[in-house]
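Each chain, written out:
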Amino acid sequence: MSTITFLTQPFRDKKLTVRLAPQEQRTLLSLIQEYKLPKKCTCGEGKCGSCAVKVAPMHRQTGPRTVRLSDEERTALFKSGKLSRQQYESDGLPDIPPLWRLACQYVVMDEEIMVAF
Ligand code: FES
């Protein structure tokens, strides 16, 4: 099961928490659109960077974990200033997932996360 808590302007005092059934795979963008959250996303293909959101785990990660961004996501985040040059040039980001991710490329996978924008 996945739990996604959105912290957005209209929900500043109340958080919006969405729970997905086990094995249900959704992008953050599809949830943003379904719940009509105020985030403008232009291309939906990982190219423009307009859908960048902050993603953090609700609980401390256990064990080593490597996050690999696709070339498109890495490039879009770098061009929009959300990824440092060091992160951009790295092949993988062991143990420290980048704070900014593209909502259109982020597939929620059995995790509890907080998403802010
Ligand atoms: S909507 Fe353009 S990169 Fe996600």
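Along each chain, numbering runs from 1 in the same order as the chain's sequence is written. For this predicted model, a pLDDT threshold of at least 70 governs which residues receive local features, and a threshold of 80 or more governs which side-chain atom pairs are given and counted, while totals over whole chains, interfaces and linings are taken from all residues.

Colleague: So what exactly am I meant to see when it comes to the overall build of the chain here?
Modeller: Each helix is a run of H or I in the DSSP string that is no shorter than four residues. Each strand is a run of E no shorter than two, and both are numbered from the N terminus. Per the secondary structure count, the chain includes three helices and seven strands. Along its sequence from the N terminus, the chain presents helices and strands in the succession β-β-α-β-β-α-α-β-β-β. The burial label depends on the number of other C-beta atoms within 10 Å of a residue's C-beta. Counts of 20 or more mean buried, 12 or fewer mean exposed, and intermediate counts mean partly exposed, with C-beta atoms placed from the backbone. The proportion of buried residues among the 117 residues of the chain is 23%.

Colleague: Would you take a moment to explain the confidence of the model for the chain for this structure?
Modeller: Residues with a pLDDT of 70 or more make up 86% of the chain, whose mean pLDDT is 87. Per-residue pLDDT, averaged within each element of the chain, yields its smallest value for strand β5 (residues 93–94) (62) and its largest for helix α1 (residues 28–34) (97). Confidence scores here are pLDDT values: one per residue, from the predictor, ranging 0 to 100.

Colleague: Help me out: how do you make sense of the pairing of strand β7 (residues 112–116) in this one?
Modeller: If a strand is regular, its side chains alternate between the two faces of the sheet. What you see with β7 is a clean split: I113 and V115 sit on the buried side and E112, M114 and A116 on the side with no burial. Any two strands are treated as partners once DSSP identifies two or more bridges connecting them. The sheet contact formed by strand β1 (residues 2–7) and β7 spans five bridges and is parallel. Paired with L7 across the strands is A116, a residue of β7. Strand direction decides the pairing type here: strand β3 (residues 52–57) and β7, joined by four bridges, are antiparallel. Opposite P57, over in β7, you have I113 as the bridge partner.

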